[in-house]
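Residue strings, one per chain:
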Amino acid sequence: MSTLATVAEAARRELGSGFNGELTGPEDAGYAEARKVYNAMIDRRPALIARPADAEGVAKLVGFARDHSLDLAVRGGGHNGAGLGTCDDGVVIDLASLREVQVDPQARTVRVGGGATWGEVDSATGEHGLATPSGIISTTGVGGLTLGGGLGHLTRKCGLAIDNLLEAEMVLASGERVRVSGDEHPDLYWAIRGGGGNFGVVTSFEFRLHEVGTIIGGPTFWPVEMAAEVLSVYREFLPAAPRELYGFYAFATVPPADPFPSEIHLRKVCGIVWCHVGGEDDAAREMAPLLDALPEPLLHGVQPMPHPALQSAFDGLYPPGDQWYWRADFVNEVPDAAVDLHARFGADLPTMKSTMHLYPIDGAAHDLAPGDTAWSYRDATFATVYAGVDPDPANAEAVRRWTVDYYEALHPYSAGGAYVNMMGEGQGRVRASYRGNYDKLARIKGIYDPDNTFRINWNIEPEG
Ligand SMILES: Cc1cc2nc3c(=O)[nH]c(=O)nc-3n(C[C@H](O)[C@H](O)[C@H](O)COP(=O)(O)OP(=O)(O)OC[C@H]3O[C@@H](n4cnc5c(N)ncnc54)[C@H](O)[C@@H]3O)c2cc1C
């Protein structure tokens, strides 16, 4: 097949009427829309974008891509910063039609289609006062976030997303459909809990749910000039706080919109975004040692709210279509020299949406050992993410520059690897990010995907 249009034609012919779903090629109306992913810096032109309606369709598409030796990308929510949910010239399996969410409030589980977004999960589970750990933006895909680990507001209390993954249904490179759990294909169950999309297409996930109804959440902001002082207190306070209290440290520019008071609109700030699972009195008591150790903040916007409300609080600020440039690192500690560097780069945020977050990795995330799942950095204290963001493509180079400079200045203080879901340029860091788990992952990859059919990801090369 020589042209991109030929691939779509061949798919229609070969998959025929037995294929349940949509096939879109470059000649088709809707191609321009279908090929977009969340990060507008990613501009790829697949030969075929296929939206199967069921797992059988997924299996047929995997076979089609293999038969024609085409690159194969799998797209969940399309959020990946490096654009791992799409590819040039190959086949994209877009799972957007597999988004059913079924809650079992008695068993406290939720079954979720492989293409669902976290907002869909949170609103369905939230109706029962239940939740499972995920990320901080509701439009992120369940697929990519889970397979890479899953850090969020409930990490300290309930662990990573993968720590609550009970089972998954998958389509393997062979086209075989399997159920994966502690009892069935336990090697795969181990590998998909952190190993990304390397092992097959997950068509459904089942997660454990926790009682999480109203949480106490929101931001506390100080002027960015106080960044070093706030971070110095935060780095000691948070790891010692009870598991019910989560708070990530951030640099931000206050959006010029409600609910922020107009006098702080567009001010550069440092701060903490909180989520306390429990009552208001407990939250106030547990935050007090940090708040008492610091001067009066510009804003203490902490209040009771339903868990799904906090989960979608940043959605308006970060709609699809912005330019994003990502870098990341795990850190064990934040020494004084690193604090000073953070303060310097935080004061220099290049655009309103650019940010740095320090996500806590402790509490329940530390209950597992590095080898218990593929996600190896159980002993890290924080995951740092540097994200240069702006809607205007003319600022792409400015946000990229700031992100790279910031990352390079802080990287000497890192633990070595990075959280794979937040790496912007990562293939060279894959081994360091899986550390002692890499060789086992490569062996499992060699069993289930020896030809590396699933290679549009932070790739683990099959052994053997
Ligand atoms: C605004 C924003 C906020 C974020 N916040 C958080 C956060 O709070 N916590 C956190 O942990 N991460 C966060 N992330 C990072 C996020 O986890 C990754 O971007 C993740 O890759 C997104 O998953 P996706 O399904 O949307 O992405 P996609 O681009 O669709 O896919 C990413 C990778 O996962 C694979 N994949 C996706 N679904 C499946 C599936 N069903 N079966 C097999 N492979 C699959 C793809 O093949 C690809 O390799 C955030 C990202 C963004 C853009």
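Anyway, here's the lowdown on the structure attached to this text. (Residues numbered from 1 in each chain as written. Predicted model: local features only at pLDDT ≥ 70, side-chain atom pairs only at ≥ 80, totals over all residues. Heavy atoms only, no water.)

**Some thoughts on the packing of aromatic side chains**
- The tally for this structure, following the rule as stated, stands at 18 aromatic pairs.
- With centroids separated by 5.5 Å and ring planes inclined at 55°, the aromatic side chains of Trp118 and Phe207 adopt a geometry described as tilted. Here the residue Trp118 occupies a position in helix α4 (residues 118-126), and Phe207 occupies one in strand β10 (residues 201-208), the gap between them amounting to 89 residues. The same class applies to Trp118 as to Phe207, namely buried. (Phe/Tyr/Trp six-rings, centres within 6.5 Å; stacked < 30°, edge-to-face > 60°. Helix = DSSP H or I, 4+ residues; strand = E, 2+ residues; numbered from the N terminus. Buried < 20%, exposed > 50% of the residue type's maximum accessible area, 1.4 Å probe, protein only.)

**Focus: the site of the ligand**
- Around the ligand, the surrounding shell holds 34 residues, and the nearest of these are Val74, Gly76, Gly78, Leu151 and Tyr419.
- Contact between the ligand and Gly78: an oxygen atom at 2.7 Å from a main-chain N or O atom of the residue.
- Backbone polar atom of Val202 to a nitrogen atom of the ligand: 2.9 Å apart, as the coordinates give it.
- Considered on its own, the ligand offers 940 Å² of accessible surface; in the complex 97% of this is hidden by protein.
- Ranked by the residues each element gives to the shell around the ligand, the list is headed by helix α5 (residues 142-148), at four residues.
- Tallied by class, residues from the shell around the ligand come to 16 nonpolar, 17 polar and one charged. (Near = heavy atom within 4 Å. Polar contact = N/O pair within 3.5 Å; in protein donor to acceptor, adjacent residues only side chain to side chain. Areas by Shrake-Rupley, 256 points an atom, 1.4 Å probe, with all protein chains shown as cover. Nonpolar A, V, L, I, M, F, W, Y, C, P; charged D, E, K, R; others polar.)

**Observations concerning the packing of helix α8 (residues 227-240) against helix α11 (residues 336-346)**
- Two elements in contact, α8 and α11, have axes separated by 9 Å at closest approach and are oriented at 135°. The pairing of α8 with α11 is recorded here as oblique in orientation. Two packed elements cross with a definite hand, and for α8 against α11 that hand is right-handed. Here Ala227, Ala228, Leu231, Ser232 and Arg235 of α8 lie close against α11, whose contacting residues are Asp336, Val339, Asp340, His342 and Ala343.
- Considered class by class, the residues forming the contact of α8 with α11 number five nonpolar, two polar and three charged. (Axes fitted to C-alpha atoms, helices over the stretch in contact; angles between N-to-C directions. Parallel < 35°, antiparallel > 145°, perpendicular 65-115°, else oblique. Left-handed = near helix turned anticlockwise from the far one by under 90°. Contact = heavy atoms within 4.5 Å.)

**Some words on the sheet that holds strand β2 (residues 48-52)**
- Within the open sheet, the four strands sit side by side as β1-β2-β4-β3. Their pairing is mixed. Across the chains shown, the open sheet's two edge strands, defined by having one partner strand only, are β1 (21-24) and β3 (72-75). The mean inter-strand angle of the sheet, taken between neighbouring strand axes irrespective of direction, is 15°.
- Here helix α3 (residues 55-67) sits on the sheet and contacts β1, β2, β3 and β4 (91-94); the angle it forms with β2, its principal contact strand, is near 155°. (Pairing = 2+ DSSP bridges.)

**Structural notes on the packing of α8 against helix α9 (residues 280-292)**
- Taken N-terminus to C-terminus, the directions of α8 and α9 make an angle of 150°; their axes are 9 Å apart at the nearest point. Relative to α9, α8 is oriented roughly antiparallel. In this structure, α8 crosses over α9, and the sense of that crossing is right-handed. Touching Val233, Tyr234 and Phe237 of α8 are Glu286, Met287, Pro289 and Leu290, all from α9.
- Among the residues making up the contact of α8 with α9, the classes are represented as six nonpolar, no polar and one charged.

**Brief notes about the pattern of salt bridges**
- The final tally for this structure, using the stated rule, is 30 salt bridges.
- Among the ionic pairs, Lys36 bridges to Glu33, the shortest N-O distance being 3.0 Å.
- The class of Lys36 is partly exposed, set by a relative accessible area of 49%.
- Note that Arg378 is salt-bridged to Asp163, the shortest N-O span being 2.8 Å. Remark: Asp163 occurs in the loop between α6 (155-158) and β8 (165-171) and Arg378 occurs in the loop between β18 (355-360) and β19 (382-390); sequence separation between them is 215 residues.
- Shared partners join several salt bridges into a network, and the residues in it are Arg111, Glu167, Glu169, Arg179 and Glu206. (Salt bridge = Lys/Arg side-chain N within 4 Å of Asp/Glu carboxyl O.)

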